[in-house]
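Each chain, letter by letter, is given below.
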Amino acid sequence: MKEKIRIFLDTDLLEKYLLGTTSQEETLQVERYIAMYPEVRKTFDELQGNLEAFAKMHALTPPEGLKAKILAVIRAQDSGRRRFRRYAIAASIAAFIFAGSSYFFYNQNQNLQQKNVIVNNKIKNLEADMREQLEDVRNQFIVLNNPNTRKYYMKGNERAQELKAIAYVNPVKKLSYINVQNLPQLPEDQCYQMWAEVNGEMVDMGIIGDFGKNDKLFALPYSDHAMGYITIEPKGGNTAPTVENIVANLKY
Amino acid sequence: MSALLEQHIVELLRERNEKAISLLYDHYGDTLFGVAYKVVRDEELAQDILQESFVKIWRKSDTYDSSKAKLFTWLFRITRNTAIDKLRSSNTKMEKEIQMDVSDVYNLGIESIKPEFLDVRENLEKIEQKYQIVLDALFFQGMTQQEASDELEIPLGTIKSRLKIGLRELRKIYGSTRALLALIISIL
């Protein structure tokens, strides 16, 4: 152990460390020796004392005014740094606010775009609906107003004597409408369904609701020598008409 | 410097109190100026170095670790390194002149010493020049013993023994001042 310390002290590492010229690795080594061996610590402390004493022997009085100059430089640098720090803080806050507001506006923009899409779709749907209905109304008007239009009355058979319907058929425009007016009350689990026989095929025209109340015209597919039927079907409609339940028919 | 004052200065440095620099200048300014001058041999350059060193001391004050080195050792390192950097960046011819002309070191040092350092000069005279040269190579030139042996053309063994004696002589002077200081402190 003694030998190890002696070898260490024989190298110039401690002296180099004293002057701060050791490499990082050497510094760690020296600091380890100082911490581990009181003898090395003592030698280093002595070296430090010697250095101070030797340096003091070479002391020189600096020119007057240098102290004030140095203090002024330090003060200026410090205030510069403080100012920089203040700017840095202000800039950070500004950046933070900017980031926050950007995020907020981005979100808002995203929401508004979504809403815009929804509103646009609604408008499109409404437009399509309106066009469809307008077309329907125009056709109705054409049919009703045309001199070529023939008017057919439809009456219910013995199962629905109150049933009354008027069909308008225009062979020129190839349009037909039916206005079902009086429909006898049915039990809750039954409904009226409209059918049209077109070129030998039965076409489901849908369930007749409260048409009587609305006086609504119901478009029929046009065909030469077509037949219209109204049947009683189970609630919700049927896929094919139940022939024995025909309550009215119409040739047009 | 008393340990108490040193501790006070270190605390002020930690608190970033500018008074620390003022105190450091009052207590170490002369010595550090001497260190800078010893390295560069130019009074104006030494002034720049002292200023630069104090700025570094102020800026790096949080890196000082009192458990690793005395305050003066730390100040000395910064000043000496600053001086060596200045020297390297100024002309190389001048550097060579300084490094080689070791015999000149002693005389110049004495010539520029001011009357108020007479007691210090007396101390310096107590150490024979041949020891001083070795101490100078070690503390100011930062040479290893081998380098000093090569540079001064003195055998390594002689360098070692001269250094030993030089340090002992130095310790005598330094030790007596310390004993005196300890006495004054104990009286106070």
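Before reading further, recall that the structure is shown in the block above.
Residues numbered from 1 in each chain as written. Chains lettered and ligands numbered in written order. Predicted model: local features only at pLDDT ≥ 70, side-chain atom pairs only at ≥ 80, totals over all residues. Heavy atoms only, no water.

### Some remarks on the overall build of chain A
So, step 1. Summing up its helical and strand segments, chain A has six helices and eight strands in all.
So, step 2. Counting all 252 residues of chain A, 36% fall into the buried class.
So, step 3. For chain A, restricting intrachain contacts to residue pairs at least 6 apart in sequence, the fraction spanning at least 24 positions comes to 57%. (Helix = DSSP H or I, 4+ residues; strand = E, 2+ residues; numbered from the N terminus. Buried < 20%, exposed > 50% of the residue type's maximum accessible area, 1.4 Å probe, protein only. Contact = heavy atoms within 4.5 Å.)

### Things to note about the overall build of chain B
So, step 1. When its secondary structure is counted, chain B shows ten helices and zero strands.
So, step 2. Counting from the amino terminus, chain B carries its helices and strands in the arrangement α-α-α-α-α-α-α-α-α-α.
So, step 3. The long-range share in chain B, meaning contacts at least 24 apart out of those at least 6 apart in sequence, stands at 64%.
So, step 4. Carbon together with sulfur atoms contributes 52% to the accessible area of chain B, which is approximately 9700 Å² in total. (Areas by Shrake-Rupley, 256 points an atom, 1.4 Å probe, with all protein chains shown as cover.)

### Some details on the sheet that holds strand β4 (residues 190–198) of chain A
All names here are of chain A.
So, step 1. Taken in spatial order, the four strands make up an open sheet running β5-β4-β7-β8, and their pairing is antiparallel. What marks the edges here is a single partner per strand, and that holds for β5 (201–208) and β8 (246–251). Neighbour-to-neighbour, the strand axes of this sheet turn through a mean angle of 25°, independent of strand direction.
So, step 2. With five bridges joining them, strand β7 (residues 227–234) and β8 adopt antiparallel strand pairing. Within β8, the residue paired with M227 across the bridge is K251. (Pairing = 2+ DSSP bridges. Axes fitted to C-alpha atoms, helices over the stretch in contact; angles between N-to-C directions.)

### Section: a nonpolar patch on the surface
So, step 1. A contiguous nonpolar surface patch, about 300 Å² in accessible area, is contributed by I89, I93 and I97 of chain A.
So, step 2. Examined against the element boundaries, I89 of chain A turns out to sit in helix α5 (residues 66–145). (Patch = residues over 30% accessible without salt bridge, like charges linked within 9 Å, V, L, I, M, F, W, Y side chains within 5 Å. Salt bridge = Lys/Arg side-chain N within 4 Å of Asp/Glu carboxyl O.)

### Some words on the interface of chain B and chain A
So, step 1. Of the residues lining the interface, 58 residues belong to chain B; the matching set on chain A comes to 41 residues.
So, step 2. For the pair chain B and chain A, the number of links is four salt bridges.
So, step 3. Between E31 of chain A and K68 of chain B there is a salt bridge; the shortest N-O distance is 3.5 Å.
So, step 4. If you list the elements that add at least two residues to the side of chain B that touches chain A, you get α2 (19–40), α3 (43–59), α4 (71–89), α7 (118–126), α8 (129–139), α9 (145–152) and α10 (156–187) of chain B.
So, step 5. Looking at the side of chain B that touches chain A, the element that brings in the most residues is α2 of chain B, giving 13 residues.
So, step 6. Counted by class, the side of chain B that touches chain A contains 27 nonpolar, 16 polar and 15 charged residues. (Nonpolar A, V, L, I, M, F, W, Y, C, P; charged D, E, K, R; others polar.)

### Considerations on α9 of chain B
Residues and elements named next belong to chain B.
So, step 1. Within the span of α9, buried status applies to Q145, A148, S149 and L152. What you see down the axis of α9 is that its buried residues fit within an arc of 100°, all on one side.
So, step 2. E153, located one to two residues past α9, shows a positive phi value of around 55°. (Arc of directions from axis to C-beta.)

### Remarks on the pattern of salt bridges
So, step 1. Taken as a whole and assessed by the stated rule, the structure comprises 13 salt bridges over all chains.
So, step 2. The residue E52 of chain A makes a salt bridge to K70 of chain B at a minimum N-O spacing of 3.1 Å. Linking E52 of chain A in helix α4 (residues 38–57) with K70 of chain B in the loop between α3 and α4, this pair reaches from one chain into another.
So, step 3. E52 of chain A sits in the buried class, given a relative accessible area of 6%.
So, step 4. A relative accessible area of 26% places K70 of chain B in the partly exposed class.

### Some thoughts on the packing of α5 of chain A against α2 of chain B
So, step 1. Between α5 of chain A and α2 of chain B, the least distance of the axes is 11 Å, while the angle of their chain directions is 155°. In terms of orientation, α5 of chain A and α2 of chain B fall into the roughly antiparallel class. Every pair of crossing elements has a handedness; the one defined by α5 of chain A and α2 of chain B is right-handed. Residues L66, K67, I70, L71 and I74 of chain A of α5 of chain A touch α2 of chain B, and the partners they reach there are I21, S22, Y25 and D26 of chain B.
So, step 2. Of the residues belonging to the contact of α5 of chain A with α2 of chain B, the class tally is six nonpolar, one polar and two charged. (Parallel < 35°, antiparallel > 145°, perpendicular 65-115°, else oblique. Left-handed = near helix turned anticlockwise from the far one by under 90°.)

### Some words on α2 of chain B
Residues and elements named next belong to chain B.
So, step 1. At Y28, α2 shows its maximal bend, which comes to roughly 65°.
So, step 2. Within α2, 18 of the 22 residues are buried, leaving the element largely enclosed by the surrounding structure.
So, step 3. A positive phi of about 60° marks R41, the residue just after α2. (Bend = angle between axes of the 7 residues up to and from the residue.)

### Topic: the nonpolar core
So, step 1. Judged by nonpolar contacts, the single largest core of 77 residues is most densely connected at L24, F54, L71 and F139 of chain B.
So, step 2. Top element by residues in this core is α2 of chain B. It accounts for 13 residues.
So, step 3. What F54 of chain B contacts, discounting residues up to four positions off in sequence, is I70 and I74 of chain A together with I21, L24, Y25 and L32 of chain B. (Core = buried A, V, L, I, M, F, W, Y, C linked by side-chain atoms within 4.5 Å.)

### A look at the sheet that holds strand β6 (residues 217–220) of chain A
All names here are of chain A.
So, step 1. Taken together, four strands build an open sheet; the order of strands is β1-β2-β3-β6 and the sheet is antiparallel. Two strands lie at the open edges of the sheet, namely β1 (150–155) and β6, each paired on one side alone. Strand-to-strand twist of the sheet, defined as the mean angle between neighbouring strand axes without regard to direction, takes the value 25°.
So, step 2. Together, β2 (164–170), β3 (175–182) and β6 form the strand contacts of α5, whose direction differs from that of β3 by roughly 90°.

### A few points about the packing of aromatic side chains
So, step 1. For the structure on display, the rule yields eleven aromatic pairs over all chains.
So, step 2. Plain terms: the ring middles of F8 of chain A and Y33 of chain A are 4.0 Å apart, the flat faces sit at 0° to each other, and that makes the pair stacked. You can see F8 of chain A sitting in helix α1 (residues 2–10) and its partner Y33 of chain A sitting in helix α3 (residues 24–36), a full 25 residues away along the chain.
So, step 3. What makes F8 of chain A buried here is its relative accessible area of 3%.
So, step 4. For Y33 of chain A, a relative accessible area of 10% translates into the label buried.
So, step 5. Here the aromatic cluster, defined as three or more aromatic residues joined through ring pairs, consists of F54 of chain A together with Y28, F72, F76, F139 and F140 of chain B.
So, step 6. Its end group placed over the ring of W58 of chain B, R16 of chain B keeps NZ or CZ at 4.1 Å from the ring centre.
So, step 7. In this structure, R77 of chain B packs its charged tip against the face of Y17 of chain A, placed 4.9 Å from the ring centre. (Phe/Tyr/Trp six-rings, centres within 6.5 Å; stacked < 30°, edge-to-face > 60°. Lys NZ or Arg CZ within 6 Å of the ring centre and 35° of its normal.)

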